[in-house]
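What the coordinates show
The lines below spell out each chain.
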Amino acid sequence: ARKKAAVTLIQPNFKFEDMGIGGLDAEFSKMFRRAFASRIFPPSLVERAGIQHVKGILLYGPPGTGKTLMAREIGKMLNGREPKIVNGPEVLSKFVGQSEENIRKLFVDAETEYKDKGEDSSLHIIIFDELDAICKQRGSKNDNTGVGDSVVNQLLAKMDGVEQLNNILIIGMTNRKDMIDEALLRPGRMEVHMEIGLPDENGRLQILKIHTSKIKENNIMDEDVDLIELAALTKNFTGAEIGGLVRSATSFALNRHVKVGTLAGVAPDAEDMKVNRADFMGALDEVHAAFGSSEEELD
Ligand code: ATP
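The structure contained in this document is the topic of the report that follows. All figures in this text were calculated on a predicted structure; none of them were measured in a lab.

This next bit is on the overall build of the protein. Helix and strand counts for the protein stand at ten helices and seven strands. Sorting the 299 residues of the protein into buried and exposed places 42% on the buried side. Contacts in the protein between residues at least 24 apart in sequence constitute 76% of all its contacts with a sequence separation of at least 6.

Okay, here's the thing in structure tokens:
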């Protein structure tokens, strides 16, 4: 007799090391245990233990810390391809009933995809960026965004309806958890709340490694660049800002090879370009000048 194949949760060619997310290992594994572990157990055990799969995850925290990156990687991990990310405000329509219809359609699409692939297929996910735009506290008086309570109600109803369809997972992202209607954050809905905060020094080192991996591989990073030193100097930087710092240091290096004259051109030594420590320090100075950080904030 043929054994029923186990549910594949993680794509066979997926590698955690390839995710390109720095400093969020603890968050990732916590989320995996909380939100996905139940799905790798045999359904009979899940039933006997009375376990209900998690239907929704909320990733929250300041902008640029890797929420979208994390949601995207989870999508790839589960389905082996780039997931579709729905932008909260995109769902909204000025036409009566259209926003609700847009939400309904997202669920229909996910359900259809699931049915087409059959039961053994992986999880289907719906990712909402800027969830706060569509899930404001209902009845809030200072809500002049035109988002009616009915949009929130529709999402709640759809999430509750996912009950029969165990293979849909919703990931919401927001910078403003406080703005989200509480009903959406209750058990059975988006019950796993994961804070994605600013990276610590070790996290920043990981992120620096990720963002310099390409210039390093291509041999255009000078040996005098010390990532440990840079991790210490980038306190309070988000992942996005660290990415920006590396890009800006690289453009400093490029600029050294630009000859500005009557006929602007590239210096003949441009091929030997290296991004060095001074480029990073210049890029850091620029950030400090723009944001006016004082020295004591840096230690
Ligand atoms: P927002 O709330 O503005 O959407 P976000 O938290 O979703 O912010 P991302 O869009 O994931 O942030 O991050 C923007 C970019 O910053 C990423 O594409 C990536 O290049 C870089 N980045 C942010 N966080 C990290 C991280 N932890 N590791 C590696 N790169 C990161």
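Before going further, it helps to spend a moment on the nonpolar core. By size, the foremost hydrophobic cluster in this structure holds 27 residues, and its most contacted members are Met31, Phe36, Ile57, Leu59, Met70 and Ile74. Where this core is concerned, the elements lending two or more residues are helix 1 (25-36), strand 1 (56-60), helix 3 (67-79), strand 3 (124-129), strand 4 (168-174) and strand 5 (190-195). Not counting residues up to four positions away in its chain, the partners in contact with leucine 59 are Met31, Lys67, Met70, Ala71, Ile171, Gly172, Met173, Thr174, Met194 and Ile196. Ranked by size, the runner-up nonpolar core spans 25 residues in total, among them Phe128, Met159, Ile180 and Leu185.

Of all residues adjacent to the ligand, which total 17 residues, the nearest are Gly22, Gly64, Lys67, Thr68 and Asn175. The separation between an oxygen atom of the ligand and a polar main-chain atom of threonine 65 is 3.1 Å. For the ligand, an oxygen atom lies 3.1 Å from a polar atom in the backbone of glycine 66. About the coverage of the ligand: the protein hides 77% of its 620 Å² of free accessible area. In this structure, the ligand is accommodated by the second largest pocket. At the level of elements, helix 3, helix 7 (201-217) and helix 9 (239-255) are the ones that each hand at least two residues to the shell around the ligand. Top element by residues in the shell around the ligand is helix 3. It accounts for three residues. Looking at the shell around the ligand residue by residue, the classes come out as seven nonpolar, nine polar and one charged.

Among the surface-exposed residues, Ile40, Phe41 and Leu45 lie close enough to one another that they form a single nonpolar patch of about 260 Å² accessible area. Looking at the element boundaries, isoleucine 40 is found in the loop between helix 1 and helix 2 (43-48).

Should the charged atoms of two oppositely charged side chains come close, the side chains can pair. Under the counting rule described, the total for this entry stands at nine salt bridges. The closest approach of N and O atoms between arginine 72 and glutamate 82, which form a salt bridge, is 3.4 Å. You can see arginine 72 sitting in helix 3 and its partner glutamate 82 sitting in the loop between helix 3 and strand 2 (85-87), a full ten residues away along the chain. Here glutamate 82 falls in the partly exposed class, since its relative accessible area comes to 48%.

Below, the discussion takes up the side chain of histidine 257. For histidine 257, the location among the structural elements is in the loop between helix 9 and strand 6 (258-259). Look at histidine 257 and you get buried, because its relative accessible area is 10%. Not counting chain neighbours up to four residues away, the residues in contact with histidine 257 comprise Gly265, Val266, Ala267, Asp269, Ala270 and Met273.

Reported here for the second largest pocket is a volume of approximately 390 Å³. Lining the second largest pocket are 23 residues, and of these Gly64, Thr65, Gly66, Lys67 and Ala240 lie nearest its centre. Elements supplying a minimum of two residues to the lining of the second largest pocket: helix 3, helix 7 and helix 9. Per-element accounting of the lining of the second largest pocket gives the leading share, four residues, to helix 9.

The rules behind the values
Residues numbered from 1 in each chain as written. Predicted model: local features only at pLDDT ≥ 70, side-chain atom pairs only at ≥ 80, totals over all residues. Heavy atoms only, no water. Helix = DSSP H or I, 4+ residues; strand = E, 2+ residues; numbered from the N terminus. Buried < 20%, exposed > 50% of the residue type's maximum accessible area, 1.4 Å probe, protein only. Contact = heavy atoms within 4.5 Å. Core = buried A, V, L, I, M, F, W, Y, C linked by side-chain atoms within 4.5 Å. Near = heavy atom within 4 Å. Polar contact = N/O pair within 3.5 Å; in protein donor to acceptor, adjacent residues only side chain to side chain. Areas by Shrake-Rupley, 256 points an atom, 1.4 Å probe, with all protein chains shown as cover. 1 Å grid on protein atoms, 1.4 Å probe; cavity = no way out; pocket = protein on both sides within 12 Å on 5 of 7 lines; lining within 4 Å. Sits in = over half its atoms within 2 Å of the grid points. Nonpolar A, V, L, I, M, F, W, Y, C, P; charged D, E, K, R; others polar. Patch = residues over 30% accessible without salt bridge, like charges linked within 9 Å, V, L, I, M, F, W, Y side chains within 5 Å. Salt bridge = Lys/Arg side-chain N within 4 Å of Asp/Glu carboxyl O. Points joined across faces, edges and corners; volume = space filled by probe spheres on them.

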